[in-house]
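Structural features, examined
Letter by letter, the chains look like this.
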Amino acid sequence: MKSNEGNKMKLQEPKNSNYAATVVRIERLIPLTADGPGKMDCDNVVGAPLLGYQAVVSKDTQVGDVGIVFTAETQLSDEYIRENNLYRHPESNKDTKKSGYLEDNRRVKAVKFRGHRSDALFMPLSSLAFTKIRLDELEVGDTFDVLGGKEICQKYEIKRKTVARVEKNKHKEFKRVEEKFLPEHYDSENYFRNRDAIAPGREIIVTQKLHGTSVRIANTIVKRKLTLRDKIAKAMGAHIAETEFDYVYGSRRVIKDVNNPDHQHFYDSDIWTDAGQKIHDSIPENFILYGELIGYTPNGALIQDRYAYDLDPGQNDLYIYRVAMVSNQGMLVDLAWDLVKEFCRDRGIKHVPELWRGQHMNFKAEDWLNKNFHKELHGGYPQAVPLADDSPCDEGVCVRVDGIAPYILKAKSPDFLQMESENLDKGVIDTEELGKEEV
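An account of the accompanying structure is given in this report.

Quick notes on the rules
Residues numbered from 1 in each chain as written. Predicted model: local features only at pLDDT ≥ 70, side-chain atom pairs only at ≥ 80, totals over all residues. Heavy atoms only, no water. Helix = DSSP H or I, 4+ residues; strand = E, 2+ residues; numbered from the N terminus. Rg over C-alpha atoms; globule rule 2.2 N^0.38 Å. Buried < 20%, exposed > 50% of the residue type's maximum accessible area, 1.4 Å probe, protein only. Areas by Shrake-Rupley, 256 points an atom, 1.4 Å probe, with all protein chains shown as cover. Lys, Arg positive; Asp, Glu negative; His and termini not counted. Charge placed at Lys NZ, Arg CZ, Asp CG, Glu CD. Salt bridge = Lys/Arg side-chain N within 4 Å of Asp/Glu carboxyl O. Pairing = 2+ DSSP bridges. Contact = heavy atoms within 4.5 Å. Axes fitted to C-alpha atoms, helices over the stretch in contact; angles between N-to-C directions. Core = buried A, V, L, I, M, F, W, Y, C linked by side-chain atoms within 4.5 Å. Polar contact = N/O pair within 3.5 Å; in protein donor to acceptor, adjacent residues only side chain to side chain.

Some remarks on the overall build of the protein
Within the protein, the regular secondary structure consists of 7 helices and 24 strands. Relative to the compact-globule value of 22 Å for 439 residues, the protein shows a C-alpha radius of gyration of 25 Å, a close match. Taken along the three principal axes of its C-alpha coordinates, the protein extends 80 × 55 × 45 Å. The 439 residues of the protein split such that 48% are buried. Taken as a whole, the protein presents about 22300 Å² of accessible surface, with 49% of it coming from carbon and sulfur. Of the side chains in the protein, 63 bear a positive and 71 a negative charge, and the two mean positions are spaced by 3 Å.

Below, the structure written as structure tokens:
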């Protein structure tokens, strides 16, 4: 696949690597036989394990074939689908006499094909010919969402109606919190796409991946709103403190500064602030906690569909997965995992359950998927948070490597991915998405 290295094209960094196209080589093919309940023999197709997912491909596919893979809940671009005649409605395709199998929303879904798992789409490199790039310059492992200036794919998200908001105050809002003093938690990437980045001999920590909504809670530096007297004194040369410490909360994307009287809130209350206010007295200055909130909202709605865990309506629980210290200059340093556990234990705060630790070479992610950890045979994992009866399985696991900033990857269960696809079909809004704006 390699060409002249000096002239190799430079790929644009994808917006979200978990939902990008990846160049892969078929390493293994699996016959799809009726070896379980609901399964049927498939004579014309086989399964291709790719990046922890499985694509159903033609039986003419060979081990060693190179192509690109799109994983579940990736949305392909209109041009890519049209050029490759993938629309189910032929009138939308370039060749209107050909019909594909993708709906108008252009989603790659996690489904059962005759009872067999199908949660990825494998396509030949020739499907990218419309971009006019040199296909022989693409190499296994290349990841992209734009190629030759043309969009290829993105993360699928439900379009929601937004209500125009009328600004009551025309003055510029005073913002107390700088992002560097309450930074977002980075997006965890797919373990199967990135496992080669972890050396075989490195110690990894495997934790239960809880399905809720992300929370940030900090006792951090905020700006003071200076009074007229402060401003006069400062103009006369007096030293006036312009910052102070305060408790601040946030969802994954949005800082919800409820202690700022000048801040225009578009909600009466929010679950992220409610969770933070329950434990903020335990947080020292310059510390930030990152966690997962599971269960219910105070009004009894589920934070995530079918994932109440062992909680009653109206109840929720916060589990911390990361603790960091932020300097007065905004430099972030993380506590190692064992210190995270000690920090939480000393303050009566819960942390995400640790399931296993050891050398990376002794870990096989596939063995940890489609499980109910709390109910596993031979005693299971009593430290795991019990699932609700209608939960299909645990979401999966997180794989952590400690460092100044921890490297955390996620491996999701195939049955969980199928449930996510079903929820998107029904238009169920993920609370994590609601946390991206003030609601």
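Still more to cover.
Quick notes on the pattern of salt bridges
Applying the stated criterion across every chain, the model contains 29 salt bridges. Its salt-bridge partner being glutamate 179, residue arginine 216 comes within 3.5 Å of it at the nearest N-O pair. On the criterion of sequence distance, the pair formed by arginine 216 in strand β16 (residues 213–223) and glutamate 179 in the loop between β13 (153–155) and β14 (189–190) is long-range, its members being 37 residues apart. Looking at glutamate 179, the relative accessible area reads 39%, which means it is partly exposed. Across the pair aspartate 187 and arginine 253 runs a salt bridge whose closest N-O atoms are separated by 2.8 Å. Within this pair, whereas aspartate 187 is found in the loop between β13 and β14, its partner arginine 253 is found in the loop between β17 (243–250) and β18 (255–256), the two being separated by 66 residues in sequence. Several salt bridges share partner residues, and in doing so they unite Glu203, Asp338, Lys341, Glu354 and Arg357 into one network.

Section: the sheet that holds strand β22 (residues 354–359)
Think of a sheet as strands paired side by side through backbone hydrogen bonds, with each pair either parallel or antiparallel. If you trace the 5 strands from one edge of the open sheet to the other, you get β14-β24-β23-β15-β22, paired in mixed fashion. Bordering the open sheet on either side are β14 and β22, each of which pairs with just one other strand. Relative to the sheet, helix α5 (residues 337–347) contacts β15 (203–209), β22 and β23 (396–401), its axis offset from that of β22 by approximately 155°.

Considerations on the pairing of strand β3 (residues 45–50)
Most of β3 sits out of view: 5 of its 6 residues are buried. Note: strand β2 (residues 30–31) against β3, 2 bridges, orientation antiparallel. Note that in β3 the partner of isoleucine 30 across the bridge is glycine 47. Taking the residues between adjacent antiparallel strands as the criterion, β3 and strand β4 (residues 53–58) are bridged by 2 residues, where leucine 51 takes a positive phi near 55°.

Details of the nonpolar core
In this structure, Leu289 and Val323 are the most contacted members of the largest nonpolar core, which totals 47 residues. For this core, the elements supplying multiple residues, two or more each, are β16, β17, α4 (271–279), β19 (287–295), β20 (316–326), α5 and α6 (414–425). Among the elements that take part in this core, β20 stands out by supplying 7 residues, more than any other. Sequence-distant contacts of leucine 289, that is, excluding residues within four places in its chain, are made with Val215, Arg216, Ile217, Ile279, Ile283, Ile320, Arg322, Val323, Phe343 and Ile349. Core analysis: the second largest hydrophobic core is formed by 32 residues, Val24, Ala365, Ala384 and Val399 among them.

So, the sheet that holds β18
Pairing in this open sheet of 6 strands is antiparallel, and the strands run β18-β17-β16-β19-β20-β21 from one edge to the other. Sheet topology places β18 and β21 (332–334) at the edges, where each strand pairs with a single neighbour. Judged from the 2 bridges that link them, β17 and β18 form a sheet pairing that is antiparallel. Bridge pairing in β18 places glycine 250 opposite isoleucine 255. Each of β19 and β20 touches α5; the most contacted strand, β20, lies at about 120° to it.

Some thoughts on α4
Within α4, the full set of buried residues consists of Ile271, Trp272, Thr273, Ala275, Gly276 and Ile279. Capping the start of α4, aspartate 270 holds a side-chain oxygen 3.2 Å from the backbone nitrogen of tryptophan 272, two or three residues further along.

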